[in-house]
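As a plain string of letters, each chain reads:
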Amino acid sequence: MQKISRSKIELSLECPRCFWLDVAKGVKRPPGFPFTLNNAVDYLLKQEFDQHREQKTPHPVMVTHMIEAVPFDHPEINTWRHNFTGIQFHHKPSELLVFGAVDDIWQNPKGELMVVDYKATGAQNHKIYDSYGRQMEIYQWLLEQNKHKVSKTGYFVFAKANKAEGFGFGKAALAFDLFVEAYTGDNSWVEAAILNAKKISEADKAPDPSAECEYCSYRKNAVKATTV
Ligand code: SF4
């Protein structure tokens, strides 16, 4: 069965042409710069929340934001968080195995699961981009398909670099402020997006490039300028 990741579904929405080049022709976008600082923040947050998962207690940032929940303890939590496995679901209408790896899951007193995503940022004003929302909604959808009781409320845990603190006067330590933003998900679009991704992957011809991306016109102009 063909697998499709959450990020590939996102690519199909961003630019059907790039998605088609990737899944139908095996031509992948060049990799971006590795987000090593983000990965380090993710790792540290996972460690912290795991301690509270074990103790069945809320993390202090959850208490500060008056979130009634604890990190969800489930035998499969590490599989769900692993990039190559994630939460999986066989979507029969498309015959695709849809998967995506969550950062964390919390559980409220009603027994509902709350999807949690960690975001590291150095920006002065953080933002919940549309793509962040879609990411959360696919995870909520995947959990629902696996017959879990899922809350529409999910959370973004932001770790924001505190530039005012500098490097701690010679200690070479960058401080981060931790805070949480709630997000109400609506995953009613997910099924249609999966079916559409399937349709694009089976197309014989390349779809049109995205109107918002300047690289295709750059590429076209570059070829024109260098062809004699
Ligand atoms: S428009 Fe941009 S995103 Fe789409 S195929 Fe061209 S380079 Fe890729």
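Residues numbered from 1 in each chain as written. Predicted model: local features only at pLDDT ≥ 70, side-chain atom pairs only at ≥ 80, totals over all residues. Heavy atoms only, no water.

Draft legend 1. Structural detail: a nonpolar patch on the surface. The grouping of L37, F167, L174 and F176 at the surface amounts to a nonpolar patch, some 390 Å² of accessible area in total. When you line up the elements, F167 lands in the loop between β7 (153-161) and β8 (176-184). F167 sits in the exposed class, given a relative accessible area of 57%. (Patch = residues over 30% accessible without salt bridge, like charges linked within 9 Å, V, L, I, M, F, W, Y side chains within 5 Å. Areas by Shrake-Rupley, 256 points an atom, 1.4 Å probe, with all protein chains shown as cover. Salt bridge = Lys/Arg side-chain N within 4 Å of Asp/Glu carboxyl O. Helix = DSSP H or I, 4+ residues; strand = E, 2+ residues; numbered from the N terminus. Buried < 20%, exposed > 50% of the residue type's maximum accessible area, 1.4 Å probe, protein only.)

Draft legend 2. Layout of unusual backbone geometry. Phi at M66 is positive, roughly 50°, even though this residue is not glycine. If you trace the backbone, M66 turns up in the loop between α4 (60-64) and β2 (70-71). Here K147, not a glycine, exhibits a phi torsion of approximately 65°, which is positive. Here K147 shows up in the loop between α6 (130-145) and β7.

Draft legend 3. Here's a closer look at the side chain of K160. Mapped onto the elements, K160 comes out in strand β7. Put simply, K160 is tucked away with no salt bridge, and the nearest opposite charge, on D177, sits 6.5 Å away. In terms of polar contacts, K160 uses its side chain to reach the backbone carbonyl oxygen of Q124, at 2.7 Å. Leave out the neighbours within four places in its chain, and K160 touches T121, A123, Q124, H126, A175, F176, D177 and F179. (Lys, Arg positive; Asp, Glu negative; His and termini not counted. Polar contact = N/O pair within 3.5 Å; in protein donor to acceptor, adjacent residues only side chain to side chain. Contact = heavy atoms within 4.5 Å.)

Draft legend 4. A look at the nonpolar core. Judged by nonpolar contacts, the single largest core of 32 residues is most densely connected at W80, I105 and L143. The greatest single-element share of this core, amounting to seven residues, is contributed by α6. Dropping the residues within four chain positions of it, I105 is found in contact with R53, P71, F72, I77, W80, L113, M114 and L143. If you look at the next biggest cluster of nonpolar residues, it comprises 15 residues, including W106, Y155, V157 and V180. (Core = buried A, V, L, I, M, F, W, Y, C linked by side-chain atoms within 4.5 Å.)

Draft legend 5. A look at the site of the ligand. What surrounds the ligand is the set C15, R17, C18, R29, P209, S210, C213, Y215 and C216. At the level of elements, α2 (16-23) and α8 (215-226) are the ones that each hand at least two residues to the shell around the ligand. Of the residues that constitute the shell around the ligand, the class distribution is six nonpolar, one polar and two charged. (Near = heavy atom within 4 Å. Nonpolar A, V, L, I, M, F, W, Y, C, P; charged D, E, K, R; others polar.)

Draft legend 6. Structural context of the sheet that holds strand β5 (residues 104-107). Read across the sheet, five strands follow the order β2-β5-β6-β7-β8 without closing on themselves; strand pairing throughout is mixed. Sheet topology places β2 and β8 at the edges, where each strand pairs with a single neighbour. Across the face of the sheet, helix α3 (residues 36-55) comes into contact with β2, β5, β6 (113-121), β7 and β8 while running at roughly 145° to β6. Sitting on the sheet, α6 touches β5, β6, β7 and β8, and the angle it makes with β6 is about 150°. (Pairing = 2+ DSSP bridges. Axes fitted to C-alpha atoms, helices over the stretch in contact; angles between N-to-C directions.)

Draft legend 7. Region of the structure containing the sheet that holds strand β3 (residues 87-91). Pairing is mixed across the open sheet formed by three strands, whose spatial order is β1-β4-β3. At either margin of the open sheet sits one strand with a lone partner, and together these are β1 (2-5) and β3. Strand-to-strand twist of the sheet, defined as the mean angle between neighbouring strand axes without regard to direction, takes the value 25°. The pairing of β3 with strand β4 (residues 96-100) spans five bridges and is antiparallel.

Draft legend 8. View of the packing of aromatic side chains. Considering all chains together, one arrives at ten aromatic pairs under this definition. Relative to Y183, the ring of F156 lies with its centre 5.9 Å away and its plane at 75°, an arrangement referred to as edge-to-face. Within this pair, whereas F156 is found in strand β7, its partner Y183 is found in strand β8, the two being separated by 27 residues in sequence. Each member of the pair, F156 as well as Y183, is classed as buried. Taken together, the aromatic side chains of Y129, Y132, F156, F158, F179 and Y183 make up a single cluster linked through ring pairs. The aromatic ring of F99 is capped on one face by K3, whose charged end is 4.5 Å from the ring centroid. (Phe/Tyr/Trp six-rings, centres within 6.5 Å; stacked < 30°, edge-to-face > 60°. Lys NZ or Arg CZ within 6 Å of the ring centre and 35° of its normal.)

Draft legend 9. Main features of α8. Its twelve residues place the ends of α8 16 Å apart at the C-alpha level, agreeing with the 16 Å of an ideal helix rising 1.5 Å per residue. Little of α8 sits out of view: just zero of its twelve residues are buried. (Expected span 1.5 Å × (residues − 1).)

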